[in-house]
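Remarks on the overall topology
Residue strings, one per chain:
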Amino acid sequence: MSVDALESKSMTRYNGAYAYADWTETNGNVTTYTYLSVTETDDETDIYVSVWTYNEMTGESSDKYGYMCTEDDVFNIDKKLNSASLSEVEIELYEWYYDETGEYYITEGALTVKADWTGIGDVSKGSSRYVSRDGDYLFKSAENSLSRRASVTGSINGSDLGSEYYARMVSFNSASMSVEK
């Protein structure tokens, strides 16, 4: 039996893009921090949103978060990172919160979110390489990416999220290979 017959190889390639944004808003004693990320790969789009609210006066806080994965065409991003858009989607939502007595609760619900990104400034290029060897096992990976700062407008349940704290758009392609003899 030849050495090649004993060798096992696997290779994976991913192409995709993502955009994310942070918003922070303070009204009186209540601060709300909102985070949204949208990642599109060859097969699907993953959307994650979290909304953390803290009332400085009462000490009450809540952490709402939701995630969805869809094959629907809900996210579009320009290859040159000039713009990106998330169509209005409804996401299942979980909320964790503490009241003034320290009691802890979890509730479920839904929210509707949408956002539009516009590129700002220059596009940055990035790349990374990784190699790991352990005996007869070899793993290699590489990723190339383009990244650009952005401004973003967004809404949750029809309410404007206001000015963003930070936003970015990224496109990437990556490949990994493992070999075992």
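Before any of the text, the structure's been laid out above.
Residues numbered from 1 in each chain as written. Predicted model: local features only at pLDDT ≥ 70, side-chain atom pairs only at ≥ 80, totals over all residues. Heavy atoms only, no water.

Structural notes on the pairing of strand β1 (residues 8–27)
Put simply, the rule is: For two strands to be treated as a pair, DSSP must find no fewer than two bridges joining them. Each helix corresponds to a stretch of at least 4 residues labelled H or I by DSSP, and each strand to a stretch of at least 2 residues labelled E; elements are numbered beginning at the N terminus.
Bridge count for β1 against strand β10 (residues 164–180) is 16 bridges, and the pairing is antiparallel. Bridge pairing links Tyr20 to Arg168 in β10. Judged from the 12 bridges that link them, β1 and strand β2 (residues 30–41) form a sheet pairing that is antiparallel. Bridge pairing links Trp23 to Thr34 in β2. Between β1 and β2, which pair antiparallel one after the other, the connecting turn spans two residues, and Gly28 there sits at a positive phi close to 65°.

A look at the pattern of salt bridges
It is possible for side chains bearing opposite charge to pair when their charged atoms get close. We count it as follows: By definition, a salt bridge exists where a carboxyl oxygen of Asp or Glu is found within 4 Å of a side-chain nitrogen of Lys or Arg. Only protein chains enter the accessibility calculation, which uses a 1.4 Å probe. A residue is then buried if its area is under 20% of the maximum for its type, exposed if over 50%, and partly exposed in between.
Within this structure, the stated rule accounts for one salt bridge. The partner of Lys114 in a salt bridge is Asp116, and the shortest N-O contact between them spans 4.0 Å. For Lys114, a relative accessible area of 32% gives the class partly exposed. Judged by relative accessible area, Asp116 falls into the partly exposed class, the value being 30%.

With respect to unusual backbone geometry
Unlike most non-glycine residues, Leu81 shows phi in positive territory, near 60°. Tracing the backbone shows Leu81 in the loop between β5 (75–77) and β6 (83–98). Classification of Leu81 as buried rests on a relative accessible area of 0%. Non-glycine residue Asn157 carries a positive phi angle of around 50°. Note that Asn157 resides in the loop between β8 (137–156) and β9 (159–160).

Here we look at the nonpolar core
We apply this condition: In plain words, nonpolar cores are sets of buried Ala, Val, Leu, Ile, Met, Phe, Trp, Tyr and Cys residues tied together by side-chain atoms within 4.5 Å. Contacts are assigned to residue pairs with any non-hydrogen atoms lying within 4.5 Å of each other.
By size, the foremost hydrophobic cluster in this structure holds 29 residues, and its most contacted members are Leu36, Ile47, Leu86 and Trp117. Elements with a minimum of two residues in this core: β1, β2, β3 (45–55), β5, β6, β7 (104–134), β8 and β10. Examining the composition of this core, we find that five residues originate from one element, β6, more than from any other. Excluding residues that lie within four positions of it along the chain, Leu36 makes contacts with Ala19, Tyr20, Ala21, Trp23, Ile47, Tyr48, Val49, Leu86, Val113, Ala115 and Trp117.

Notes on a negative patch on the surface
The condition is simple: Candidate patch residues must exceed 30% relative accessible area and have no salt bridge, after which like charges are joined if within 9 Å and Val, Leu, Ile, Met, Phe, Trp or Tyr side chains if within 5 Å. Methods summary: accessible areas were calculated by the Shrake-Rupley approach with a probe of 1.4 Å, and residue burial reflects only the protein chains presented. When charges are tallied, Lys and Arg are placed among the positive residues and Asp and Glu among the negative ones, while His and the ends of the chain are skipped. By convention, the point assigned to a charge is CZ for Arg, NZ for Lys, CD for Glu and CG for Asp.
Taken together, the side chains of Asp42, Asp43, Glu44, Glu71, Asp72 and Asp73 define an acidic patch exposed on the protein surface. Mapped onto the secondary structure, Glu44 falls in the loop between β2 and β3.

No statement about biological role is implied by the geometric values presented.
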